[in-house]
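# Structural overview
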Amino acid sequence: MYAGIQEILADRAEYLLGHTCTTIPKDQLHLPGPDFIDRVVSKTDRSPTVMRNLQTMYGHGRLAGTGYLSILPVDQGIEHSAGASFAPNPIYFDPANICELALEGGCNAVASTLGVLGSVARSYAHKIPFILKFNHNELLTTPNTFDQTPFASINQAFEMGCVGVGATVYWGSEESNRQLQEIAVAFEQAHALGMFTVLWCYLRSPAFKVDGVDYHASSDLTGQANHLGVTLEADIIKQKLPENNGGYPAIHAGKTHDKVYSELTTDHPIDLTRYQVANCYMGRVGMINSGGASGTNDLQDATATAVVNKRAGGCGLISGRKAFQKPMEDGIAILNTIQDVYLCDDVDIA
């Protein structure tokens, strides 16, 4: 398995697999593992029902019993438009095929919209854990507003048998204060009903683009977004893989510390991602990285992202477009390759 991962990574293999992290030591992290619920979550204020539903997800699919997650997210039909999302493979206009991909791909759970999950709930809610993504940014309104608004209620998620709910906050946007208040109330209700919570901790502000450099995926700014997310008691944080660093000094706003850049991070993607994990209470809240858009080298890119996430101390990958914008058998192969990274003991914590 390890040799296959090396082959896929090709000239990136040694850079990613041979790296040793000298910033935040791995022994300071609360790392994923088969006992994560007992070792970490049981110390929190989460109810037995929330813990049971988390364990249900951690116990499903090819990664069952490892403490790692492979989640299929398909909410792009709203923000990115159904045409842009599903035209590459029109079978996924049918929600049943989304659930089939998650099942056949060995995923821990499927995350999607009220309409998608509700339309097939009685066929699939007992076969694969459901996560209802209940707010979205719809871009049919012109001009686009880049806001997240609720499309569903927490009660609807509960009634269709979801084990968890998910939402996005666009940290840095003019609407973020309203969004975080909405999510705080919704997450409290979800926990009261026994469902766990997943927060897409994304940045969105024109101020995060400075002198032609885009800092929306900088390690320091996304790290702070993660810290805001865990403050809302998200049980899992979804974050983009960091692409650079130095967002705070560039935007000349907010507060940071020189040691963030001199001691707690380097330019290596694993070290940048470890800083994201550190902001999730040193891993007490699991962090999954997004798989990103489909491109020309999806297998290598998805494998590299999984390696970076795992070796940094993250708990898995949530990858959608790289899987569902291809023939189903190819999508299954990508999902399985991602999972192989987490199943391979030789891909260790850096």
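Conventions and cut-offs
Residues numbered from 1 in each chain as written. Predicted model: local features only at pLDDT ≥ 70, side-chain atom pairs only at ≥ 80, totals over all residues. Heavy atoms only, no water. Helix = DSSP H or I, 4+ residues; strand = E, 2+ residues; numbered from the N terminus. Rg over C-alpha atoms; globule rule 2.2 N^0.38 Å. Buried < 20%, exposed > 50% of the residue type's maximum accessible area, 1.4 Å probe, protein only. Contact = heavy atoms within 4.5 Å. Areas by Shrake-Rupley, 256 points an atom, 1.4 Å probe, with all protein chains shown as cover. Salt bridge = Lys/Arg side-chain N within 4 Å of Asp/Glu carboxyl O. Phe/Tyr/Trp six-rings, centres within 6.5 Å; stacked < 30°, edge-to-face > 60°. Lys NZ or Arg CZ within 6 Å of the ring centre and 35° of its normal.

A count of helices and strands for the protein gives 16 helices and 12 strands. For the protein, whose C-alpha radius of gyration is 19 Å, the value lies close to the compact-globule estimate of 20 Å for 350 residues. Overall, the protein is about 50 × 45 × 45 Å in size when its C-alpha atoms are taken along their principal axes. Among the 350 residues that make up the protein, the fraction classed as buried is 56%. Of the contacts formed within the protein by residues at least 6 apart in sequence, a portion of 74% connects residues at least 24 apart. When the accessible surface of the protein is split by element, carbon and sulfur atoms take 52% of a total near 14300 Å².

Further remarks concern the pattern of salt bridges. Pairing between side chains of opposite charge can happen when their charged atoms approach one another. Going through the model one piece at a time under the given rule, you end up with 12 salt bridges. One salt bridge in this structure joins Asp-45 and Arg-46, with 2.8 Å as the shortest N-O distance. According to the relative accessible area criterion, Asp-45 is exposed, its value standing at 56%. Classification of Arg-46 as buried rests on a relative accessible area of 13%. Taken together, the shared-partner salt bridges in this structure form one network comprising Asp-45, Arg-46, Glu-233 and Asp-235.

Tallying each qualifying case throughout the model produces 5 aromatic pairs. An angle of 40° between the planes, with centres 5.0 Å apart, marks the rings of Tyr-68 and Tyr-342 as tilted. Taken as a pair, Tyr-68 in the loop between α4 (48-58) and β1 (69-74) and Tyr-342 in helix α16 (residues 328-343) lie far apart in primary sequence, 274 residues in all. You'll find Tyr-68 and Tyr-342 in the same group, each marked buried. Seen in terms of ring centroids, Phe-86 and Phe-324 are 5.6 Å apart; in terms of plane orientation they differ by 50°. Their pairing is tilted. Of this pair, Phe-86 sits in helix α5 (residues 76-86) while Phe-324 is found in helix α15 (residues 321-324), placing the two residues 238 residues apart along the sequence. Phe-324 carries the same exposure label as Phe-86, and that label is buried. Taking NZ or CZ as reference, Lys-127 lies 5.4 Å from the ring centre of Tyr-124, over its face. Above the plane of the ring of Tyr-202 lies Lys-240, whose end atom (NZ or CZ) is 4.9 Å from the centre.

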